Amino acid sequence: ARAAKGATVVVDLEWEEMMQPRELKSLIQQLLYCYGANRRAQQPVQLVFSGVEEGSKTHEGLSKQSGYESWEVKKLTTKYIEAFPKEKLIYLT
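Residues numbered from 1 in each chain as written. Predicted model: local features only at pLDDT ≥ 70, side-chain atom pairs only at ≥ 80, totals over all residues. Heavy atoms only, no water.

> So what about the sheet that holds strand E3 (residues 74–76)? Which residues, and what values?
Taken in spatial order, the three strands make up an open sheet running E1-E2-E3, and their pairing is parallel. Of all the strands in the sheet, just strand E1 (8–12) and E3 have a single pairing partner and so form its edges. Ignoring which end each strand starts from, the neighbouring axes of this sheet average 20° apart. Across five bridges, the pairing between E1 and strand E2 (residues 46–50) is parallel. Residue pairing for E2: Asp12 is matched across the bridge by Ser50. (Pairing = 2+ DSSP bridges. Helix = DSSP H or I, 4+ residues; strand = E, 2+ residues; numbered from the N terminus. Axes fitted to C-alpha atoms, helices over the stretch in contact; angles between N-to-C directions.)

> Which residues make up the layout of surface pockets, and what values go with them?
Taken as a whole, the largest pocket holds about 490 Å³ of empty space. The wall of the largest pocket is formed by 18 residues, among which Val10, Val11, Ile90, Tyr91 and Leu92 lie closest to the centre. Grouping the amino acids of the lining of the largest pocket by side-chain chemistry returns 13 nonpolar, two polar and three charged. (1 Å grid on protein atoms, 1.4 Å probe; cavity = no way out; pocket = protein on both sides within 12 Å on 5 of 7 lines; lining within 4 Å. Points joined across faces, edges and corners; volume = space filled by probe spheres on them. Nonpolar A, V, L, I, M, F, W, Y, C, P; charged D, E, K, R; others polar.)

The following block contains the structure:
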């Protein structure tokens, strides 16, 4: 896909247990926006969602979105720190 040549952006979704229901709903809306904006971008990034475990509220909310299973997003059930070399990561808060 077009994003294969771009930078990789990992969205850390491992904080679900710290979120209130309205924050989780807002997060899912923000992920929808990120995905849509990335699809329209001239130079899209490789989008990675980490910590999206089946059965989690985040996974449940995303799965309700039309076509989620076919989104061009890498979905990690593991922690991002286990999937990428630490020296290659820049963590923004």
